[in-house]
Amino acid sequence: MWFHKKETKTFDREKKQPVMRISICTGEKAVGWKDKETGKFEELMLIRDEKDLKRFMDEYGIAREEIKKEW
């Protein structure tokens, strides 16, 4: 039986901040990167439930406390 080792994806922590954008109207959540210099948001994935958020955190080695929330 073969097991594939999960590799943690990387991002430039000095230039990008992990952010969760939450719609105040619909409650829709999306995670991605916010450029610290320009403030531009790059959406990576829609968060439908806790499993989606955990997958994002595991893929990039991010702790929940590191994800800034924006409404």
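The structure we're discussing is the one just above.
Bear in mind the structure is a predicted one, so any value in this text is a computation, not a measurement.

About the thresholds
- Residues numbered from 1 in each chain as written.
- Predicted model: local features only at pLDDT ≥ 70, side-chain atom pairs only at ≥ 80, totals over all residues.
- Heavy atoms only, no water.
- Core = buried A, V, L, I, M, F, W, Y, C linked by side-chain atoms within 4.5 Å.
- Buried < 20%, exposed > 50% of the residue type's maximum accessible area, 1.4 Å probe, protein only.
- Contact = heavy atoms within 4.5 Å.
- Phe/Tyr/Trp six-rings, centres within 6.5 Å; stacked < 30°, edge-to-face > 60°.
- Helix = DSSP H or I, 4+ residues; strand = E, 2+ residues; numbered from the N terminus.
- Arc of directions from axis to C-beta.
- Pairing = 2+ DSSP bridges.
- Axes fitted to C-alpha atoms, helices over the stretch in contact; angles between N-to-C directions.

**Q** Quick one: what's the story with the nonpolar core, residue by residue and with numbers?
**A** Of all hydrophobic cores here, the largest spans 13 residues; its most connected members are Val 31, Leu 53, Phe 56, Ile 62 and Ile 67. The residues touching Val 31, leaving out its near neighbours within four places in the chain, are Val 19, Met 20, Phe 41, Glu 43, Leu 44, Met 45, Ile 47, Leu 53 and Phe 56.

**Q** Mind laying out the packing of aromatic side chains, listing which residues take part and the relevant values?
**A** Under the counting rule described, the total for this entry stands at five aromatic pairs. Ring plane angle 20° and centroid distance 4.1 Å describe the contact between Phe 11 and Trp 33, whose orientation is recorded as stacked. Of this pair, Phe 11 sits in the segment before strand 1 (16-22) while Trp 33 sits in strand 2 (residues 29-35), placing them 22 residues apart in sequence. Like Phe 11, the residue Trp 33 is buried in the burial classification. Look at Trp 33 and Tyr 60: their rings are 5.0 Å apart centre to centre, the planes differ by 85°, and that puts the pair in the edge-to-face class. Within this pair, whereas Trp 33 is found in strand 2, its partner Tyr 60 is found in helix 1 (residues 50-60), the two being separated by 27 residues in sequence.

**Q** Give a detailed account of the environment of Lys 15, specifying residues and quantitative values.
**A** Structurally, Lys 15 is set in the segment before strand 1. Relative accessible area serves as the criterion here: at 54%, Lys 15 is assigned to the exposed category. Sequence separation of Lys 15 and Met 57 is 42 residues, and the distance between their C-alpha atoms is 18 Å.

**Q** Please give an account of helix 1 that cites residues and values.
**A** Among the residues making up helix 1, those that are buried are Asp 52, Leu 53, Phe 56, Met 57 and Tyr 60. Across the axial projection of helix 1, the buried residues extend over an arc of 135°, all falling on one side. Buried residues along helix 1 sit in contact with strand 1, strand 2 and strand 3 (41-47). Where helix 1 terminates, the next one or two residues include Gly 61, which has phi positive at roughly 65°.

**Q** I'd like a rundown of the sheet that holds strand 1, residues and numbers included.
**A** Read across the sheet, four strands follow the order 3-2-1-4 without closing on themselves; strand pairing throughout is mixed. Two strands lie at the open edges of the sheet, namely strand 3 and strand 4 (68-70), each paired on one side alone. Mean inter-strand twist for the sheet, computed between neighbouring axes without regard to direction, equals 30°. Sheet topology places strand 1 next to strand 2; seven bridges connect them, and they run antiparallel. Paired with Lys 16 across the bridge in strand 2 is Asp 35. Strand contacts of helix 1: strand 1, strand 2 and strand 3, with the helix running at about 130° to strand 3, the strand carrying the most contacts.

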